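Summary of structural features
Residue-level listing of the chains:
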Amino acid sequence: MKRSWLEKEGKAWVEEGIISKEQYDQLVARYPNRNSKGLLTIFGGLFIGLGFLTFVASNWSLMPNILKMGILIVSLLGFYFFGDSAYQKGSRSLGTSFYAIGVLLFGAAMILTGQMYHYMAYSATTFFLWGVAAMLVYGVRRELPLLYLTLAILTVGQLYSWMTYGESHLWIFLLFVIGGGFELVRLRRDFLALLFGFGYILQSLVFVFAGGHDYVWLLFLWLLLYVATTLSFFRFPSLQITSIGAAFLLKAIEVFLLDSWVMERLNVNVIFLIAHILVAGLLVWLVKDRAIGILNLLLFLPVVYVGGDGGVIALILLYVVSIGYLVIGTKREAVGLVNFGTGAFLVSTLIAYVQLAWDFLNKSVFFFIGGVLLFGLSYVLNRERRRLSGNEKGGGGR
């Protein structure tokens, strides 16, 4: 029995009172989706569409403009028509693939139309309109591949804006955050949270650097994301890891760069400090695990404003966070916290070793000592981690 047929007929049975909603859910659960088949169908449809588009593109320059417009309009309407027809017949995977081709073709049609009539674009508004259209198509069918495609279009559009025009596009950023965030809260999918977090980091990088803002605004935007994950409706572990990981990486970069070029061009930004303090206070107020929350907050401190010792302070903060996770994890016998602390401590030690010893030791001696040091630390920390893991299993068996 096909799941798509059962879903369609089952809804009618519920409306007619033949079965209850609970019975409908139980019946559908007995027939899981064949994701591999659906995925192959989607890719097959995409390759057919791309083959058609490639054929048209190879002969594009030989066609008059009126024929080009006709091909674009007919193709666009055709893919949406076939997508809707397949979807209505229960072939959701095939219908979704046609919808996806239609979305891609819509963006290509806007770009090609501009080229045909020599329209000069001075911003990435085309990608914003493309993203809006993709979001509307997704809103009609609510299929996850269409949402993934929408987020990809908005992310690529922001990167294109940076590389081509040297600026960030505010509306693309807002559409990504608001539209993607709303659907993430509604659907609560871990993979979607991972994609959203990765895209948010890229969007914020473009927004800050292409916008000519001081890099400390990255800390503010990533702290906002971390604070949002403390709210019950937006609590996704992957988003917390993404924001903390990005801040940790930025602190590691500060260890190497704060004593060189960064300090020469940054002045204290009062607006940033006020906003950052307010958001940090909000975090302390909202977070349930206050010890971990305050520990993570150290990664978002703008040490660049301290002065010439900013790199050293950044390194100290990395160690404080690493050791803090190890101490708290050991005390609570929480293997996850100990694992994170172990990895962070090893990375912090590697950073400190490279920063302090690179200029003073022979390179062969440098790598030899560094390897021995990391092996030793890894042995000690992993032994403690295994001990806690054994205690946790033993406790579970009692």
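My aim in this report is to walk through the structure given alongside it, one point at a time. Small disclaimer: the values here were computed from a predicted structure and weren't measured. Here the residue numbering is sequential within each chain, running from 1 through the sequence in written order. Totals for whole chains, interfaces and linings use every residue, but because this is a predicted model, local features are given only for residues with pLDDT of at least 70 and side-chain atom pairs only at 80 or more, for both listing and counting. To get the side-chain values, take all heavy atoms of the structure and skip hydrogens and water.

Quick word on the packing of aromatic side chains
Classification of ring pairs uses Phe, Tyr and Trp, with its six-membered ring standing for Trp, and accepts pairs whose centres are within 6.5 Å; under 30 degrees between planes counts as stacked, over 60 as edge-to-face, and the remaining range as tilted. Under the counting rule described, the total for this entry stands at 20 aromatic pairs. An angle of 40 degrees between the planes, with centres 6.1 Å apart, marks the rings of F82 and F98 as tilted. One end of the pair, F82, is in helix α4 (residues 65–88); the other, F98, is in helix α5 (residues 92–116), and 16 residues separate them in sequence. In this structure F98 comes out as buried when scored by relative accessible area, which is 17%. Where W217 meets F220, the ring centres are 5.5 Å apart and the plane angle is 85 degrees; that geometry is what we call edge-to-face. On the criterion of helical spacing, the pair formed by W217 and F220 is a turn pair, its members being three residues apart in helix α10 (residues 216–228). By the criteria applied, helices consist of DSSP H or I runs no shorter than four residues and strands consist of E runs no shorter than two, each listed in order from the N terminus. Residue burial is assigned from relative accessible area. The probe radius is 1.4 Å, only protein chains are included, and a residue is buried under 20% of its type maximum, exposed over 50%, and partly exposed in between.

Quick look at the pattern of salt bridges
In the sections that follow, a salt bridge refers to a side-chain nitrogen of Lys or Arg positioned within 4 Å of a carboxyl oxygen of Asp or Glu. Scanning the entire structure with this criterion turns up six salt bridges. In this structure, the salt-bridge partner of E183 is R142, at a minimum N-O distance of 2.8 Å. Taken together, the residues span a long stretch of sequence, with E183 in helix α8 (residues 170–187) and R142 in the loop between α6 (125–141) and α7 (144–165) at a distance of 41 residues.

Description of the environment of L151
Examined against the element boundaries, L151 turns out to sit in helix α7. For the pair formed by L151 and L175, sequence separation is 24 residues and the distance between their alpha carbons is 9.2 Å. Whether two residues touch is decided by their heavy atoms; if any such pair falls within 4.5 Å, the residues are in contact. Other than its neighbours up to four places away in sequence, L151 contacts F176, G180 and L192.

Quick notes on the environment of F106
Residue placement: F106 occurs in helix α5. When residues no more than four places from it in sequence are discounted, the contact partners of F106 are L76, Y80, L129, W130 and A133.

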